[in-house]
Amino acid sequence: ADDPDEVSGLVEVFDATTVPDQSFYGDQTIDEGFGYVTTRDGTTLSATVWLPGPAEDGPYPTVVEYSGYSPSNPDSGTFAQLYTTLGYAYVGVNMRGTGCSGGSFEFFEPVQSTDGYDVIEVVAAQPWVAHGHVGMVGVSYPGISQLFVASTQPPSLAAITPLSVLDDSIKSTLYPGGILNTGFALAWSEQREADAEPFGKGWEQAIVDSGDRMCADNQRMRLQNTEAGQLIENNPYYSHELGDPNAPQLLVDDIDVPEFLAGTWQDEQTGGHFPAMLDDFTSSPHLYATMLNGTHTESIATLAIFERYVEFLELYVAERTPDLTRASVIAPVLAGGLTGTSGLSLPTGTRFAGMSYEEALAAYESADPVRILFEQGAADGQEPGSPVPRFEETFAAWPVLGDVTTWYLGPGGTLDAEPPGGDVAPSSYVSDPQNVSATSFDGEQSELWLADVTYDWQPIPEGSGLG
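Keep in mind that this is a model prediction, so the values were computed, not measured. (Residues numbered from 1 in each chain as written. Predicted model: local features only at pLDDT ≥ 70, side-chain atom pairs only at ≥ 80, totals over all residues. Heavy atoms only, no water.)

### Some thoughts on the overall build of the protein chain
Spelled out, the test is: Strands are runs of DSSP state E lasting at least 2 residues, helices are runs of H or I lasting at least 4, and numbering of each runs from the N terminus. For this measure, only C-alpha atoms enter the radius of gyration; the expected value for a globule follows 2.2 Å times N^0.38, where N is the number of residues. We call a residue buried when its accessible area falls under 20% of the maximum for its residue type, exposed when it is over 50%, and partly exposed in between, using a 1.4 Å probe and counting protein chains only. Only heavy atoms matter for contacts: two residues are in contact if any of them lie within 4.5 Å across the pair. With residues, only the protein chains shown are counted as cover, and all accessible areas are computed by Shrake-Rupley using a 1.4 Å probe. Residues scored as charged are limited to Lys and Arg (positive) and Asp and Glu (negative), so that His and the chain ends carry no count. To locate a charge, the coordinates of NZ of Lys, CZ of Arg, CG of Asp or CD of Glu are taken.
Helix and strand counts for the protein chain come out as 14 helices and 12 strands. Computed over its C-alpha atoms, the radius of gyration of the protein chain comes to 24 Å, within 12% of the 23 Å expected for a compact globule of 467 residues. Seen through its principal axes, the protein chain has C-alpha atoms that stretch 85 × 70 × 40 Å. Burial analysis of the protein chain (467 residues in total) assigns 47% to the buried set. Put simply, 71% of the contacts in the protein chain that link residues at least 6 apart link residues at least 24 apart. Total accessible area on the protein chain stands at roughly 22700 Å², and carbon and sulfur atoms take up 52% of it. Computed over 14 positive and 68 negative side-chain charges, the inter-centroid distance for the protein chain is 6 Å.

### Notes on the pairing of strand β4 (residues 89–94)
As a reminder, the rule being used: Here a strand pair is declared whenever DSSP counts at least two bridges between the two strands. A crossover counts as right-handed when, viewed with the strands pointing away from the observer, the path leading from the first strand over the helix to the second turns clockwise.
Counting buried residues along β4, 6 of its 6 residues qualify, which places the element largely inside the surrounding structure. Burial of β4 is two-sided: the residues A89, V91 and V93 facing one way and the residues Y90, G92 and N94 facing the other way are all buried. The pairing of strand β3 (residues 62–67) with β4 spans 6 bridges and is classified as parallel. Paired with Y66 across the bridge in β4 is V93. Regarding topology, helix α2 (residues 78–85) serves as the crossover connection from β3 to the parallel β4, and that connection is right-handed.

### Structural notes on the pairing of β3
Burial within β3 is extensive, with 6 of its 6 residues counted as buried. Along β3, one buried face is formed by T62, V64 and Y66 and the opposite face, lined by V63, E65 and S67, is buried too. In the sheet, β3 pairs with strand β5 (residues 134–136) via 2 bridges, with the strands oriented parallel. Among the inter-strand pairings, V64 is bridged to a residue of β5, identified as M136.

### Points about a nonpolar patch on the surface
We apply this condition: Patch membership is restricted to residues that have no salt bridge and whose relative accessible area is over 30%. Joining uses 9 Å for like charges and 5 Å for the nonpolar side chains Val, Leu, Ile, Met, Phe, Trp and Tyr. Salt bridges are defined by distance alone: a side-chain nitrogen of Lys or Arg within 4 Å of a carboxyl oxygen of Asp or Glu.
Residues W407, L409 and L415 make up a contiguous nonpolar surface patch of about 410 Å² in total accessible area. Within the secondary structure, W407 sits in the loop between β10 (391–395) and β11 (408–410). The exposure class assigned to W407 is exposed, which follows from its relative accessible area of 52%.

### Quick look at the packing of helix α12 (residues 303–318) against helix α14 (residues 357–366)
In plain terms, the rule: Fitted lines through C-alpha atoms serve as axes, helices being fitted only where they are in contact, and the angles separating the N-to-C directions of these axes extend from 0 to 180 degrees. Orientation is classified from the angle alone, with under 35 degrees giving roughly parallel, over 145 giving roughly antiparallel, 65 to 115 giving roughly perpendicular, and any other angle giving oblique. By definition, any crossing whose near helix is turned counterclockwise from its far helix by less than a right angle is left-handed, and any crossing with a clockwise turn is right-handed.
Between α12 and α14, the least distance of the axes is 10 Å, while the angle of their chain directions is 135°. By the angle class used here, α12 and α14 are oblique. For α12 against α14, the interelement crossing comes out left-handed. Across the interface between the two elements, R308, E311, F312, L315 and Y316 of α12 pack against Y357, A360, L361, Y364 and E365 of α14.

### Notes on the environment of A360
With respect to the element layout, A360 can be found in helix α14. For the pair A360 and L315, spaced 45 residues apart in sequence, the C-alpha separation works out to 7.9 Å. When residues no more than four places from it in sequence are discounted, the contact partners of A360 are L315, T321, P322, F352 and M355.

### Comments concerning unusual backbone geometry
The amide bond that connects G58 to the next residue, P59, takes the cis arrangement and shows omega of 10°. Relative to the helices and strands, P59 is located in the loop between β2 (44–50) and β3. For the bond from W398 to P399, the omega torsion is 0°, close enough to zero to count as cis. Position of P399 relative to the elements: it lies in the loop between β10 and β11. At F108, a residue that is not glycine, the phi angle is positive and equals roughly 50°. If you trace the backbone, F108 turns up in the loop between β4 and α3 (110–124). Residue class for F108 comes out buried when judged on its relative accessible area of 4%. Within the chain, Q153 stands out as a residue other than glycine whose phi angle is a positive 60°. A residue is classified by how much of its surface remains accessible, and Q153, at 36% relative accessible area, is partly exposed.

### Let's talk about the state of the cysteines
The condition that has to hold: When two cysteine sulfur atoms are found within 2.5 Å, that pair is recorded as a disulfide.
All told, the structure shown has 1 disulfide when counted by the stated rule. Covalent S-S linkage joins C100 and C215, the inter-sulfur distance amounting to 2.1 Å. Because the sign of the S-S torsion sets the handedness, a value of about -70° for the bond joining C100 and C215 places this disulfide among the left-handed ones. Of this pair, C100 sits in the loop between β4 and α3 while C215 sits in helix α8 (residues 213–218); the two residues are 115 residues apart in sequence, bridging distant segments of the chain. In terms of burial, C100 and C215 fall into one category: buried.

Written out as structure tokens, the structure is:
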């Protein structure tokens with residue numbers, strides 16, 4: 001006690017490729033309700049299990065949502081209800097440094113990926129899980145997390161369904177075109193930093209008040225969190241050391257399970273650059289990708305996507321012939337809730353009627369894997385803005401091969417097939433932020449997803465831009 005210097009014994013530190021014996025996962029038990037998953041370094045992650053029925057009536061096909069939001073909040077089961085209604089067990093797990101989970105938080109640091117590996121293996125080992133494997137679900141943050149976790153190749157991961165994702169956290173979202181995105185990315189990063197503070201989400205306090213000492217003790221590690229705002233301020237230029245681990249595009253070639261991916265060109269949060277990585281999924285046996293115009297949530301709200309999405313889960317996670325009877329009830333409610341539209345419907349039953357599971361799987365896999373939905377919100381006979389496309393096309397691969405047509409800017413706002421002839425006088429402008437409106441929308445973020453959203457598009461003043 002008189003010696004301020006104490007020396008520990010030898011500590012062995014493993015790298016990310018060192019995986020515990022499978023008994024480490026099989027010896028853990030998580031039951032319905034709130035609990036914890038222990039990772040390989042001893043960190044405990046808060047998890048909540050929702051079952052579609054009594055545990056003794058299982059096992060059930062199972063999906064996992066994993067993020068730094070609040071998937072393990074036992075009092076917030078809205079997303080869980082979507083899957084339990086479809087007949088799936090749903091497990092929501094908070095990343096380290098968030099919710100009631102232990103450890104410190106840093107945006108998509110590598111240990112979050114290995115934590116995800118451990119989560120998949122622990123959940124898959126539970127007796128209420130069908131087939132000994134699980135799928136992953138989630139939109140945006142929990143969609144992106146699937147790419148990182150799947151790249152570690154958990155042996156009990158059956159499939160992933162990343163929706164509204166990005167290909168590079170820094171280049172395409174935080175600094176698109178090299179310009180700091182203060183509209184969404186910076187604010188989102190600051191909010192995640194605030195959420196990761198002790199009791200940052202708020203619901204942790206009720207868990208602690210109920211007598212949960214684990215959650216209370218885990219809050220102590222929050223003071224070790226990295227300050228996201230300071231990290232961004234200190235690194236205005238791309239650093240491979242910081243940036244590469246946050247770029248899914250550089251690791252998706254390690255994913256070796258089937259994937260269902262969807263996103264929009266005009267995604268106001270993650271951006272529309274995600275298709276740039278679609279041809280990098282070189283190890284996946286099947287990649288089904290759907291792209292369309294629209295906002296952030298239309299990857300899950302669009303009926304044409306939801307139908308194929310449920311079929312994918314049924315075939316690759318539940319391992320049964322798809323039946324959309326339950327989905328036909330859920331889809332209009334989900335789409336209407338996000339977009340404010342009505343009169344939506346999804347076919348009941350199945351397009352695989354009379355097929356065995358093997359026949360249905362073969363039929364699903366024989367179709368073109370790439371779908372483009374055109375003119376979303378302008379479908380004939382639908383309320384304007386409804387999450388329904390006017391038409392669609394499918395393709396065998398991405399990028400789509402075919403003839404390329406070049407168009408040139410012409411006078412009077414026209415596009416010409418031929419380049420302008422002769423000398424063209426240059427046009428110039430002075431970029432002056434004081435002359436340009438800072439925003440075209442002042443409402444709540446979720447109001448952007450409504451079918452009748454109105455933007456206040458103001459023309460750029462003469463001399464402040466080109467059109």
